[in-house]
Amino acid sequence: MQTLTPFEFQARLRAGDQLLDVREAEELALAALPGALHIPLRQLPQRVGELNPQRPIAVLCHHGIRSEHAAAWLEQAGFSSVSHLGGGIEAWSLLLDPTVPRY
């Protein structure tokens with residue numbers, strides 16, 4: 001698993017990585033990145049089949065803690081190319097795109 005900066009994370013998304021947002025629905029309503037598949041962390045074991053294990057996957061959350069847990073879980077589940085956004089969507093907003101609301 002790789003921990004990425006917002007700039008590295010953006011490059012991975014542009015390269016075609018699957019984007020997985022593991023925040024809760026209430027958080028997603030406040031700030032979101034387009035194209036993300038929303039699976040709250042607590043639902044990941046039941047919904048992992050919605051992801052393609054053959055494609056690289058980039059995971060995000062609010063501050064990077066839940067996305068790190070999700071990325072580690074995905075690796076244990078057989079996903080071979082997993083990264084997560086260090087600092088979460090908060091870092092994305094602060095360092096890359098201030099139009100994404102902070103909460």
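These lines cover the structure that appears in this document, whether it is placed above or below. (Residues numbered from 1 in each chain as written. Predicted model: local features only at pLDDT ≥ 70, side-chain atom pairs only at ≥ 80, totals over all residues. Heavy atoms only, no water.)

### Concerning the overall build of the chain
Next, step 1: A tally of regular secondary structure across the chain gives five helices and five strands.
Next, step 2: The helix and strand sequence of the chain, counted from the amino end, reads β-α-β-α-β-α-β-α-β-α.
Next, step 3: Whereas a compact globule of 103 residues would reach a radius of gyration of roughly 13 Å, the chain reaches 12 Å, a difference of no more than 12%.
Next, step 4: Projected onto its principal axes, the C-alpha positions of the chain cover 35 × 25 × 20 Å. (Helix = DSSP H or I, 4+ residues; strand = E, 2+ residues; numbered from the N terminus. Rg over C-alpha atoms; globule rule 2.2 N^0.38 Å.)

### Observations regarding the environment of Pro-34
Next, step 1: Here Pro-34 is to be found in the loop between helix H2 (25-30) and strand E3 (37-38).
Next, step 2: Residues Pro-34 and Gly-87, 53 residues apart in the sequence, show an inter-C-alpha distance of 18 Å.

### So, the side chain of Asp-21
Next, step 1: Note on placement: Asp-21 falls in strand E2 (residues 18-21).
Next, step 2: Here Arg-23 takes part through its side chain, which lies 2.7 Å from a polar atom of the side chain of Asp-21.
Next, step 3: Those residues in contact with Asp-21, other than ones at most four positions away along the chain, are Leu-28, Ala-36, Leu-37, His-38, Ile-39, Pro-40 and Leu-60. (Polar contact = N/O pair within 3.5 Å; in protein donor to acceptor, adjacent residues only side chain to side chain. Contact = heavy atoms within 4.5 Å.)

### Focus: the pairing of strand E4 (residues 57-60)
Regular strands show a simple pattern: their side chains alternate between the two faces of the sheet.
Next, step 1: Burial of the side chains of E4 extends over both faces: Ile-57 and Val-59 are buried on one face and Ala-58 and Leu-60 on the other.
Next, step 2: Direction of pairing for E2 relative to E4: parallel, over a ladder of four bridges. The residue of E4 that forms the bridge with Asp-21 is Leu-60.
Next, step 3: As paired elements, E4 and strand E5 (residues 82-85) share three bridges and run parallel to each other. Note on E5: the bridge partner recorded for Val-59 is His-84.
Next, step 4: Read as a crossover between parallel neighbours, the route from E4 over helix H4 (residues 65-76) to E5 is right-handed. (Buried < 20%, exposed > 50% of the residue type's maximum accessible area, 1.4 Å probe, protein only. Pairing = 2+ DSSP bridges. Right-handed = clockwise from strand over helix to strand, strands pointing away.)

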